[in-house]
Amino acid sequence: MEGTGDLPSTAAPRGEIQERAGASGGAPDRSGYPPAEQEAELTAGTRITPGRAYGFFTDTTLCIGCKACQVACKQWNNLPASDMRLSGDSYDNTRRLSATTWRHVAFIEQFDESRFEGLEVPPVDEAKLPRRSATALGENLPADFEPWGNLTTSEQWARPGQRWIFMSDVCKHCRDAPCLEACPTGSIIRTEFDSVYVQQDVCNGCGYCVSACPFGVVDVDREGDGKAHKCTLCYDRLKDGMEPACAKACPTDSIRFGPVDELVDLARERVADLRARGIPAYLYGSNGVLEEECDTTRLDGLNCFFLLIDRPEVYNLPPVPHRPSSETGPGLLSVALAAGGLVAAAMLAFAGASGE
Amino acid sequence: MKARPPAPPIKESTWEWYIPIYLWSGGISAGAWLAATAEDLAGESDRELIRAARYIAAGGIGLGTVLLIVDLGRPDRFLNMLRIVRPRSTMSLGSWGLTAFGAWSGAAALLQALDDGVLGRRAIFARLSRGHASRLFHTMGLPPALFVGGYTGVLLGTTNAPSWARRVKLLGPLFIASGVSAGLSAVSLALSGRGRSTGARRRLARAECAALAAELGLALLSRRSARTLPSGRAEGRAPRAAHALTLGAGMAVPLAAQLWSSISGERSRLTTPAALLAMAGGLALRFLTVAEGKRSARTPDDTWAFTGGAPGLGSAPRDGRPALRPALRPALRGRSARPRIERGELRGVITIVQEDRIRVMDPAGRGYLLTVRKGRASQRDVERWRDERVPVVLRYRGTPDVHARVYEITPLRTLPPSTS
């Protein structure tokens, strides 16, 4: 494998970083991880330290459906293209995550108002809208600036039936990951960044993780190498102090990379802000924090969580994801009981009928 | 105009037809082993019955193991199943159970072969294979045997396919009951051609009654549970008929026949067809149950019902209208539905090697992404060709950058043997 940072396409920006790293000492620390300044500190504002939990906070209200994350993922991870024609579902071509598509932008068209009859939408109270602080958005912006442009003002955004929402889907890197628990070879492991990773030199393609995943993420590449694949949270990049390719490519910062605890704080503020503007935002995967429409505590939360503004099913997410391994014990107990009954019946049957 | 079915929120099992056959043959092994044990402990240690049961148990496990390995995406790595023990993974537990019972039943078959005189008749073989030694041997093998027969139901249940997951406590008992009924039937069939062993066959028939009754009852409960999900309610006529046929001809009819022959006490001509029907019923049950789980995973409303969601939502096209205007559809459909499988040849230099995937640059500077399957070239060779910029000729099937598998890779320059 080539060194992950040595690809020609990234040479230019890295030159500058290496220079800066060199200025501040630059010697690798004891862990063997790269020098004082990491690229992630410049691009994501966070330092990547093994032993801490990292993940994504995907804010679907900021996504513009550009698919830069999808392309960046394919490029960095050397993934073959999927079917390149439009699927017929909006501007979608891949339709879902697969063994060779580890990021997928869902295009959700909601232009039919009748579908939302009876749905409660909180009214917008202009007086309660927070005055946007000039420092947060830049000095020169007018006070009535709308961060997502004038086409969808916050009022329109809150009215389903007039909107087109996008959601960049990815492996959730569950805290109690069903795929990891199902894996009989130990190929799926938890890394030092608390991500869930499929070791390609161990996987034998049994496919049990595929049935175990509550989100339909991991898949076996039956047409290719016969092994299970999914998002690695760019494990190779994290080891070199770089944020994952999708988060780096995202032009609107809809995908935020960072330590999960910091991301949850960020998400909490964002939800409060959106709710003040009448948008029924909530979190999916934050292990109970502002999770009004869903409950991911069975998986102990997801390291990659989402901000949503409609029911989870609309985004193809199960409201209460199920953890199959919790049923292994009860299931086997029921087998033991049934087997005991059958043995007793067989013994009685064999004892009671002597031969001629 | 029919809207395109929504992309399901979960993925269906990757298992192919090998797996239902394994689920069945593993159950037969368990049932045969139970027959041998019961005959040894409670019956009259009929040698013919025990002989048949030992061979059937080993044969069923052997067949099942081969099928399991064939179903793997990478069959050459099947031994990786024994790298770890993971109590939370039903498949890990099953791999170990299968290994234990495979070894045990294999030893039983070997012992039986020695007793049958493959190495000549010796008293020591007979003593090892019969009497107290045999009773101990069968009793010790019973727990792993029953585990292999029953864990398969839990294996289906501990997934996220709603139809399986909802029945997790039912499928295990159903599969072990069905495995015992099919295993007893298999032993009974093996004895059918002989004039002897009528007592043993009567004992088998009596046990068969209990197993079939349990199987039928559990199968009815399982049916009822499956029908509570949207995919079960919307079931087509063909699967419904297949289920009815399995319950009727594969369970109820053999049960009636076995009951009749045990009550009447006559040597009934019905037992052989009944045994065949019970075995076929068990196989059909496995295929139908696997199909139910796959259909359920493909049905978004099943997942919503199972995970506390509302039906009808989810997944494009959202508003109950087709995502594209009909006029646009034929234009899209005009282009082929899937990339055609082509063959091709490519010359170039390997620029990137990532696991089994390589990127090749042709002389014009265009890059192509292909997959090299194991056995075509060693990873080390491919990496050396990359490092030394050796031009290679690749023959592949498929479309580069989408799905292309290299089946032949030839370097145009030979490198000196590697020193490391």
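Conventions adopted
- Residues numbered from 1 in each chain as written.
- Chains lettered and ligands numbered in written order.
- Predicted model: local features only at pLDDT ≥ 70, side-chain atom pairs only at ≥ 80, totals over all residues.
- Heavy atoms only, no water.
- Pairing = 2+ DSSP bridges.
- Helix = DSSP H or I, 4+ residues; strand = E, 2+ residues; numbered from the N terminus.
- Axes fitted to C-alpha atoms, helices over the stretch in contact; angles between N-to-C directions.
- Contact = heavy atoms within 4.5 Å.
- Buried area = accessible area lost by both parts, 1.4 Å probe.
- Salt bridge = Lys/Arg side-chain N within 4 Å of Asp/Glu carboxyl O.
- Phe/Tyr/Trp six-rings, centres within 6.5 Å; stacked < 30°, edge-to-face > 60°.
- Buried < 20%, exposed > 50% of the residue type's maximum accessible area, 1.4 Å probe, protein only.
- Left-handed = near helix turned anticlockwise from the far one by under 90°.
- Nonpolar A, V, L, I, M, F, W, Y, C, P; charged D, E, K, R; others polar.
- Domains from an automatic or database assignment.
- Core = buried A, V, L, I, M, F, W, Y, C linked by side-chain atoms within 4.5 Å.
- Parallel < 35°, antiparallel > 145°, perpendicular 65-115°, else oblique.

1. Examining the sheet that holds strand S10 (residues 305-308) of chain A
All names here are of chain A. Across the sheet, four strands lie side by side as S8-S1-S10-S9; this open sheet has mixed pairing. Looking at the sheet topology across the chains shown, the edges are occupied by strand S8 (255-259) and strand S9 (282-284). Taken over all neighbouring pairs, the strand axes of this sheet differ in orientation by 25 degrees on average, direction set aside. Alignment of strand S1 (residues 54-59) against S8, held across five bridges, turns out to be antiparallel. From the neighbouring strand, Phe56 faces S8, where its bridge partner is Phe257. On top of the sheet, helix H10 (residues 260-276) reaches S1, S8, S9 and S10; it is set at about 135 degrees to S8, its chief contact.

2. A short note on the interface of chain B and chain A
Listed as interface residues are 109 residues of chain B and, on the opposing side, 101 residues of chain A. Across the interface of chain B and chain A, roughly 8800 Å² is buried in total on both sides, 55% from carbon and sulfur atoms. The tally of links between chain B and chain A comes to five salt bridges. We note a salt bridge from Arg222 of chain A to Glu16 of chain B, for which the minimum N-O separation is 2.9 Å.

3. Digging into the packing of aromatic side chains
Residue and element names in this part refer to chain A. A complete count under the given rule lists 18 aromatic pairs over all chains for this structure. Aromatic pair Trp164 and Phe166: ring centres 5.3 Å apart, planes at 50 degrees, arrangement tilted. Look at Phe166 and you get buried, because its relative accessible area is 10%. An aromatic cluster of three or more residues is present, and its members are Tyr54, Phe56, Phe193, Tyr197, Tyr235 and Phe257.

4. A short note on the packing of helix H7 (residues 168-192) of chain B against helix H11 (residues 271-298) of chain B
All names here are of chain B. Contact geometry for H7 and H11: axes closest at 8 Å, N-to-C directions at 150 degrees. Crossing geometry of H7 relative to H11 is assigned as left-handed. Seen from H7, the contacting residues are Leu171, Leu174, Phe175, Ser178, Gly179, Ala182, Ser185, Ala186, Leu189 and Ser192; seen from H11, they are Thr272, Ala275, Leu276, Ala278, Met279, Gly282, Leu285, Arg286 and Thr289. Of the residues contributing to the contact of H7 with H11, the split by class is 11 nonpolar, seven polar and one charged.

5. Quick notes on the domain arrangement of chain B
Each assigned domain of chain B is listed with its residue range as follows: domain 1 (18-303) and domain 2 (321-411). Inter-centroid distance (C-alpha atoms) of domain 1 of chain B to domain 2 of chain B is 44 Å.

6. Describing the nonpolar core
Counting residues in each nonpolar core, the largest one holds 83 residues, and the members touching the most others are Trp15, Trp33, Leu49, Val187 and Leu204 of chain B. Dropping the residues within four chain positions of it, Leu204 of chain B is found in contact with Phe350 of chain A together with Ala35, Leu49, Leu184, Val187, Ser188 and Leu191 of chain B. If you look at the next biggest cluster of nonpolar residues, it comprises 70 residues, including Val170, Val260, Ile279 and Val314 of chain A.

7. Section: the packing of helix H11 (residues 328-352) of chain A against helix H8 (residues 198-226) of chain B
At a minimum axis separation of 8 Å, H11 of chain A and H8 of chain B run at an interaxial angle of 150 degrees. Considering the angle they form, H11 of chain A stands roughly antiparallel to H8 of chain B. Judged by the sense of rotation from one axis to the other, the crossing of H11 of chain A with H8 of chain B is right-handed. Residue-level inspection shows Leu342, Ala345, Ala346, Leu348, Ala349, Phe350 and Gly352 of chain A of H11 of chain A in contact with H8 of chain B, the latter providing Arg203, Leu204, Arg206, Ala207, Ala210 and Ala211 of chain B. Classifying every residue of the contact of H11 of chain A with H8 of chain B gives 10 nonpolar, one polar and two charged.

8. Considering the pattern of salt bridges
All names here are of chain B. Evaluation of the coordinates by the stated rule reveals 35 salt bridges over all chains. For Asp115, the salt bridge is made with Arg130, and the minimal N-O distance between the two is 3.0 Å. Within this pair, whereas Asp115 is found in helix H3 (residues 90-115), its partner Arg130 is found in the loop between helix H4 (123-129) and helix H5 (131-157), the two being separated by 15 residues in sequence. Given a relative accessible area of 6%, Asp115 falls into the buried group. Note on Arg130: relative accessible area 37%, which makes it partly exposed. Each of Arg167, Arg223, Glu235, Glu292 and Arg295 takes part in a single network of salt bridges with overlapping partners.

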